[in-house]
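# Summary of the model geometry
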Amino acid sequence: MQTLVERLYPICRSLTGDGVRETLSILGEHVPLEVREVATGTKVLDWTVPREWNIRDAWIEGPDGKRVVDFRDSNLHVVGYSVPVRARMPLSQLREHLHTLPERRDWIPYRTSYWSETWGFCLPHARLEALEEGEYEVCIDATLEDGHLTYGELLLEGESESEILISTHVCHPSLANDNLSGLAVATFLAARLAERRRRHSLRFLFVPGIIGPITWLALNERRLGRIRHGLVLALLGGPGGFVYKRSRRGDAQVDRASAHVLGTEGELRDFEPWGYDERQYCSPGFDLPMGRLTRAPHGEFPEYHTSADDLSLVPPDRLVEALFKVEEILDVLDRDGAYVNQSPKGEPQLGRRGLFGSLGGATTGRERERAMLWVLSLCDGSHTLLDVAERSGLPFADVRGAADSLAEHGLLVEAGDR
Amino acid sequence: MQTLVERLYPICRSLTGDGVRETLSILGEHVPLEVREVATGTKVLDWTVPREWNIRDAWIEGPDGKRVVDFRDSNLHVVGYSVPVRARMPLSQLREHLHTLPERRDWIPYRTSYWSETWGFCLPHARLEALEEGEYEVCIDATLEDGHLTYGELLLEGESESEILISTHVCHPSLANDNLSGLAVATFLAARLAERRRRHSLRFLFVPGIIGPITWLALNERRLGRIRHGLVLALLGGPGGFVYKRSRRGDAQVDRASAHVLGTEGELRDFEPWGYDERQYCSPGFDLPMGRLTRAPHGEFPEYHTSADDLSLVPPDRLVEALFKVEEILDVLDRDGAYVNQSPKGEPQLGRRGLFGSLGGATTGRERERAMLWVLSLCDGSHTLLDVAERSGLPFADVRGAADSLAEHGLLVEAGDR
Amino acid sequence: MQTLVERLYPICRSLTGDGVRETLSILGEHVPLEVREVATGTKVLDWTVPREWNIRDAWIEGPDGKRVVDFRDSNLHVVGYSVPVRARMPLSQLREHLHTLPERRDWIPYRTSYWSETWGFCLPHARLEALEEGEYEVCIDATLEDGHLTYGELLLEGESESEILISTHVCHPSLANDNLSGLAVATFLAARLAERRRRHSLRFLFVPGIIGPITWLALNERRLGRIRHGLVLALLGGPGGFVYKRSRRGDAQVDRASAHVLGTEGELRDFEPWGYDERQYCSPGFDLPMGRLTRAPHGEFPEYHTSADDLSLVPPDRLVEALFKVEEILDVLDRDGAYVNQSPKGEPQLGRRGLFGSLGGATTGRERERAMLWVLSLCDGSHTLLDVAERSGLPFADVRGAADSLAEHGLLVEAGDR
């Protein structure tokens, strides 16, 4: 994942354009991604697919002819979706197009203007203060023309058509945690899970923020009934422990599975209608059972949306930890189920079946027996294994293992279809 | 309000009688109060309207002929509803009719005997201890005769017949916080709201405790279905922050509105079947959706029901604060409603409608946008604006404003009748 | 109870056999217990009644011919249900049959092997360490033969056929807290309650653990519908405050009654599927409304299942306290009921009926009036007196007393059958 993140980091991505295409092409080397192109002007829900933006170069030259800002140093220097410009103007006029972070004098902010035609540059506040009065020349050699919105999609088929949807945003330029971390985790997750048997199909989306999920939702509205669970992944390499944001419903299976897997070390938050693309998936007209997993969320770590969100912010061990955590959540979602105790009157005699220690009187070393007793006690058809794990405080994997042992001995059967 | 309280303070009010009539007449100078008279002996629910009590004078003369207690000093000196008496008796016999507060040696307690025929005097404990043995002469020049129970009623008509009922007790003599504070706040509330457009009609009751609401409920039983919300107001000028007591139902709209308006600075208490006239309105046969707003409740401040509950206990700024707080609660009750997002699939494009800032990437200064997103997210017809305020933690007024903006742009419509 | 415990202490009880018979015979001197015998081989639910075990003697002789372990010193020395053995063997081989507690060097552990044929001895770890190498002679003069499982049952008939079931285990040898404490409390409870009028019938079971309730449940399956409430009693004389374990349902009447009676001094725990015989009564196929009352539960005090659980662990005052606590819980279960306020519109005039103090204005000394107001407020047919006690925080007995007063005055009637 570290190599992938390093390779993607320099690319200038935006809502649309060749940066996204190049990114998806690199991801496609790891997984068989399908790349979709949707034409400018296509009506998608309340929105319209915008014109495509591409940029070749941009700079500001000072009165002495020296470049004081250069796109080649950092693609954050240009406000995303800036219209082309080539002009001379005094500093006073130029200032209206310059964005800085006064409280972080050496960092370049990340700004965009997708839906309002303008242009601008972002730079360190220290550099702005050093600019001398005089005539400046600015150049943004960009195109904003009819073209396409590009996104990536991947379906890993499971035993059933029921889907788990994984979505991550692909539209940010050289920002490492936001969101090369999400791209790397989702890509490696897809690569690893491609091999495994699963009940659910897994659908991965690599989409530009807001307009991406809106486009996908508009194009796939009829198939949304298949989505049983979903996760938006972002900001998985940065500071802090895991933060799970519940679906709008608040009690979806993915909410419970994530809460169980994160346990007391993770932070659980209720849904709120801003954030990442859960805003669209969980809008009231769709209300999909999708949560969001991040570490410290947007706006809650100082490097957020600045040039300080660089490669140093995503240590590989943190990406790996995130990958395993997502796998564990998906495992609960895929392997949970309702079962029925076949010997519900009194305890079945587990000792006779070799499932119970023979020496009575001692009190220790009986965790496996306890997991079986919990399964037998709660599995009356109205509780799932996740219910058992939640109620007993045992890890889902132990409960699942106990259920498998009991099923082998005919003491447990699955409760109809899920 | 201060002037009104000062003017009402000296009047000797009781369950019935001319003190109540004089009080209502003064209130009638501020609002068009209708004064009702119900004859002694009228059956009202499980009760009977009692005889009317009026008092002209009362005193105790000591063995030396000097007055040791004089009604003209304080109307608290006479037990309310004392039967007339003119007699001589030794101190030992008189003592059985004297009430004091040993733990507050200089205060006169407030006592009544509405439903049991007796007479008595209240005096400072210090004065009782100074009484010398000997023959005393007592006089209570009162009448307890067939007459009427008197109360005041005022209806401010709104757009609908649905009513909010405001009730406050009018039966206490010279006690300032209990309840000239409630009379003043209710009167000025009526005067201020008379001018405003409202959906709900507002009904104000100025009634003697217990028998007052019982009489009103008995006479208006068929019309109670109109009462959608209600508040008992009392003790609003005294010490402490606001204390809201929930309705018997515990989840009435007024319970939620009051909790929202008081926020963390107010104290919320569950219903209990004693207190003020919520006892009658919330009796199980009526179970009206009425709560109670006070500051420190009955029995929870030392001056309660003593001569120390005087004008110094009701600073005008505390009355004003209470008035505004009640208005804010009524505003939520009147302006709440269920709405339906007309663009529920994905977020509508607010920027195109001028409702959203155009520059992306920054994280601050977006409270108004957040209020709109909350309204859009929750308003699916099953949530009201108060739900949105509760869930989002935003003030109701901000949520209401966001809803108005969205409605102007056709993004929100009201969900049928309420 | 102390005398009873002292008399029962030396008897060697087990799942079956003459020790149980002798124990039940002694209990039968206090209450008219019926003793049931169920033949070996009888199929009971998923189990089979085992062979009957009786033991006459057992010992280990060392290389020098001296007895190093002697059953006559303590019946804990022999693993329960050991098969007969008479053999010579070196210490190394003998060790596999010896059980000790290395962390409690002077205590003998209690061990059983009911369902797997083997033999063994239990001894202090210090004594094990002192054994010299050499040839040992072992003898367990026991029989494991077809016979019967024995248990005791007692029914105290009430006004109705609805039953409260009290169950306690009778299968442990010389262990005082576990469970002579339970036997003593249950026996004296039955003796005391035999005299009193009750609505519910009371059924007491004195049964060996696990196989006892399984046998009783199998034999009485058709009559289980009569059981409205139940308690498993055990460990009532040992250390610690009361610990109530909820039924599997978690909201049974006995769960609420016990929580109310224990109040803040008791500890409440959710059901878990191990412990005592609640495991069987609350298995999902029966799911009886039965909880469990103990002090420090199994495994949570150091003397548990060791020779240190001796008579010193069950001081008589602790047994008496437990007896009264159980009676209080049963009293709530038996005397609770739903009532209907017959004057629900406004408060009824209690003063006219002599139920209310006549002097108004004071705030103290009105607990009895408050209990009546709570009953009148909540008793609308959908709340029981226990609801009133829970909601008001008043003791059940006070609420019950208030209800009785109101009923005498015709203000309250019972709400149909319970």
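Bear in mind the structure is a predicted one, so any value in this text is a computation, not a measurement.

Right, let's get into the overall build of chain A. If you tally the helices and strands in chain A, you get twelve helices and 19 strands. Along the first, second and third principal axes, the C-alpha atoms of chain A reach 90 × 45 × 35 Å. Counting all 418 residues of chain A, 61% fall into the buried class. The long-range fraction of contacts in chain A, counting pairs at least 24 apart against all pairs at least 6 apart in sequence, stands at 79%. Just so you have it, chain A exposes about 16200 Å², and 45% of that area is on carbon and sulfur atoms. Side-chain charges of chain A comprise 48 positive and 64 negative groups, with the mean position of each set lying 5 Å from the other.

The next point concerns helix α11 (residues 385–392) of chain B. Residue and element names in this part refer to chain B. The element α11 is largely enclosed, with a buried count of six among its eight residues. Taken together, the buried positions of α11 are Leu385, Leu386, Asp387, Val388, Ala389 and Ser392. In this fold, the buried residues of α11 make contact with α7 (253–262), α9 (316–335), β17 (338–341), α10 (367–378), β18 (380–384) and α12 (396–408). Here α11 starts with a cap whose side-chain oxygen sits 3.2 Å from the backbone nitrogen of Leu386, and that cap is Thr384. Just downstream of α11 lies Gly393, where phi reads positive at about 75 degrees.

The end-to-end C-alpha separation of α12 of chain B is 18 Å, in line with the 18 Å expected for 13 residues at 1.5 Å each. Two residues or fewer after α12 of chain B comes Gly410 of chain B, characterised by a positive phi angle close to 75 degrees.

This part is about the relation of the copies chain A and chain C. For the pair chain A and chain C, the relating rotation is 120 degrees, the translation along its axis is 0.0 Å, and the fit reaches an RMSD of 0.1 Å. Expressed as a symmetry operation, the mapping of one chain copy onto the other fits a three-fold axis. In terms of C-alpha distance to the rotation axis, chain A has Asp251 of chain A as its closest residue, with the C-alpha 13 Å off the axis.

Moving on: the pattern of salt bridges. All names here are of chain A. Counted according to the given criterion, the structure contains 117 salt bridges over all chains. Measuring nitrogen to oxygen at the nearest pair gives 3.3 Å for the salt bridge that ties Glu327 to Arg196. One end of the pair, Glu327, is in helix α9 (residues 316–335); the other, Arg196, is in the loop between α5 (176–193) and β12 (201–207), with 131 residues separating them in the sequence. The network of salt bridges with common partners includes Glu34, Arg36, Glu153, Glu163 and Arg203.

Attention now moves to the confidence of the model for chain A. When pLDDT is averaged across chain A, the result is 96; 98% of the residues are at 70 or more. This prediction of the complex comes with two scores: 0.91 for pTM and 0.93 for ipTM.

Residue and element names in this part refer to chain B. Strand order in the open sheet made by the eight strands is β1-β10-β12-β11-β13-β16-β14-β15, with mixed pairing throughout. With one partner strand each, in any of the chains shown, β1 (34–39) and β15 (267–269) form the two edges of the open sheet. For this sheet the average axis-to-axis angle between neighbouring strands, irrespective of direction, equals 20 degrees. Lying over the sheet, α9 contacts β11 (163–169), β12 (201–207), β13 (227–233) and β16 (290–294), oriented at roughly 170 degrees with respect to β13.

As a further point, take the pairing of strand β11 (residues 163–169) of chain C. All names here are of chain C. Taken across its seven residues, β11 has seven buried, putting it largely inside the fold. Relative to strand β12 (residues 201–207), β11 is paired through seven bridges, and the arrangement is parallel. From the neighbouring strand, Ile164 faces β12, where its bridge partner is Leu202. The handedness of the β11 to β12 crossover, carried by helix α5 (residues 176–193), is right-handed. As defined by bridge partners, β11 adjoins strand β13 (residues 227–233) across five bridges and the pair is classed as parallel. Along β13, the bridge assignment pairs Ser167 with Val232.

Residues and elements named next belong to chain B. α9 packs onto helix α5 (residues 176–193) with a crossing angle of 55 degrees between their chain directions and a minimal axis gap of 10 Å. Our classification of the angle between α5 and α9 gives oblique. For the pair α5 and α9, the crossing hand works out as right-handed. Residue-level contacts link Ser181, Val185, Phe188, Leu189, Arg192 and Leu193 of α5 to Leu319, Ala322, Leu323, Phe324, Val326, Glu327 and Leu330 of α9.

What the rule picks out here adds up to 18 aromatic pairs over all chains. Judged by centre distance (6.2 Å) and plane angle (90 degrees), the rings of Trp274 of chain A and Trp374 of chain B are edge-to-face. Of the two residues, Trp274 of chain A sits in the loop between β15 (267–269) and α8 (278–281) while Trp374 of chain B sits in helix α10, which places them in two different chains. For the pair shown, Trp274 of chain A and Trp374 of chain B are each scored as buried. Linked through ring pairs, Trp53, Tyr81 and Tyr114 of chain A together constitute an aromatic cluster. Directly above the ring of Phe242 of chain A sits Arg295 of chain A, whose terminal nitrogen or CZ lies 4.3 Å from the centroid.

Residue and element names in this part refer to chain B. Structurally, Thr42 is set in the loop between β1 and β2 (43–44). Counting along the chain gives 79 residues from Thr42 to Phe121, while the straight-line C-alpha distance between them is 30 Å. With near-sequence residues (within four places) excluded, Thr42 lies in contact with Trp47, Thr48 and Val49.

Residue and element names in this part refer to chain A. Pairing is mixed across the open sheet formed by eight strands, whose spatial order is β1-β10-β12-β11-β13-β16-β14-β15. At either end of the open sheet lies a strand with only one pairing partner, and these are β1 (34–39) and β15. In this sheet, adjacent strand axes meet at a mean angle of 20 degrees when their direction is disregarded. Both β1 and strand β10 (residues 148–156) contribute to a ladder of six bridges, which runs antiparallel. If you follow Ala39 over to β10, its bridge partner there is His148. Taken strand by strand, α5 contacts β10, β11 (163–169), β12 and β13 (227–233), and its axis lies near 150 degrees from that of β11. Sheet strands touched by α9: β11, β12, β13 and β16 (290–294). Its angle to β13, the strand with the most contacts, is close to 170 degrees.

Right, let's get into the interface of chain A and chain C. Contacts between the two partners involve 25 residues from chain A and, on the opposite side, 26 residues from chain C. In this assembly, chain A packs against chain C so that about 2300 Å² is buried in total across both faces, 52% of it on carbon and sulfur atoms. Viewed at the interface, chain C and chain A are joined by five salt bridges. On the surface where chain A and chain C come into contact, there are twelve residue pairs in polar contact (both at pLDDT 80 or more). Per-element tally for the side of chain A that touches chain C: the top contributor is helix α10 (residues 367–378) of chain A, with six residues.

Another point: the environment of Asn75 of chain A. Note that Asn75 of chain A resides in the loop between β5 (67–70) and β6 (85–90). Within polar-contact distance, the side chain of Asn75 of chain A engages the backbone oxygen of Ile11 of chain A at 3.5 Å.

For the rest of this paragraph, the subject is the interface of chain C and chain B. The partner chain B presents 26 residues to the 25 residues of chain C that form the contact. Of the roughly 2200 Å² buried between chain C and chain B on both sides combined, carbon and sulfur atoms contribute 51%. A salt bridge links Asp46 of chain B to Arg353 of chain C, with the shortest nitrogen-to-oxygen separation between them at 2.9 Å. Our count for the chain C to chain B interface comes out at twelve residue pairs in polar contact (both at pLDDT 80 or more). Here the element with the most residues in the side of chain C that touches chain B is helix α10 (residues 367–378) of chain C; it accounts for six residues. Classifying every residue of the side of chain C that touches chain B gives nine nonpolar, nine polar and seven charged.

Applying the stated criterion across every chain, the model contains zero disulfides over all chains. You can see Cys12 of chain B has no disulfide; the closest cysteine sulfur is in Cys171 of chain B, sitting 12 Å from it. Its sulfur unpaired, Cys282 of chain B is 17 Å from the next cysteine sulfur, which belongs to Cys379 of chain C. Look at Cys282 of chain B and you get buried, because its relative accessible area is 1%.

Conventions we followed
- Residues numbered from 1 in each chain as written.
- Chains lettered and ligands numbered in written order.
- Predicted model: local features only at pLDDT ≥ 70, side-chain atom pairs only at ≥ 80, totals over all residues.
- Heavy atoms only, no water.
- Helix = DSSP H or I, 4+ residues; strand = E, 2+ residues; numbered from the N terminus.
- Buried < 20%, exposed > 50% of the residue type's maximum accessible area, 1.4 Å probe, protein only.
- Contact = heavy atoms within 4.5 Å.
- Areas by Shrake-Rupley, 256 points an atom, 1.4 Å probe, with all protein chains shown as cover.
- Lys, Arg positive; Asp, Glu negative; His and termini not counted.
- Charge placed at Lys NZ, Arg CZ, Asp CG, Glu CD.
- Polar contact = N/O pair within 3.5 Å; in protein donor to acceptor, adjacent residues only side chain to side chain.
- Expected span 1.5 Å × (residues − 1).
- Least-squares fit on C-alpha atoms with pLDDT ≥ 70 in both.
- Salt bridge = Lys/Arg side-chain N within 4 Å of Asp/Glu carboxyl O.
- pLDDT = per-residue confidence, 0-100.
- Pairing = 2+ DSSP bridges.
- Axes fitted to C-alpha atoms, helices over the stretch in contact; angles between N-to-C directions.
- Right-handed = clockwise from strand over helix to strand, strands pointing away.
- Parallel < 35°, antiparallel > 145°, perpendicular 65-115°, else oblique.
- Left-handed = near helix turned anticlockwise from the far one by under 90°.
- Phe/Tyr/Trp six-rings, centres within 6.5 Å; stacked < 30°, edge-to-face > 60°.
- Lys NZ or Arg CZ within 6 Å of the ring centre and 35° of its normal.
- Buried area = accessible area lost by both parts, 1.4 Å probe.
- Nonpolar A, V, L, I, M, F, W, Y, C, P; charged D, E, K, R; others polar.
- Disulfide = S-S within 2.5 Å.

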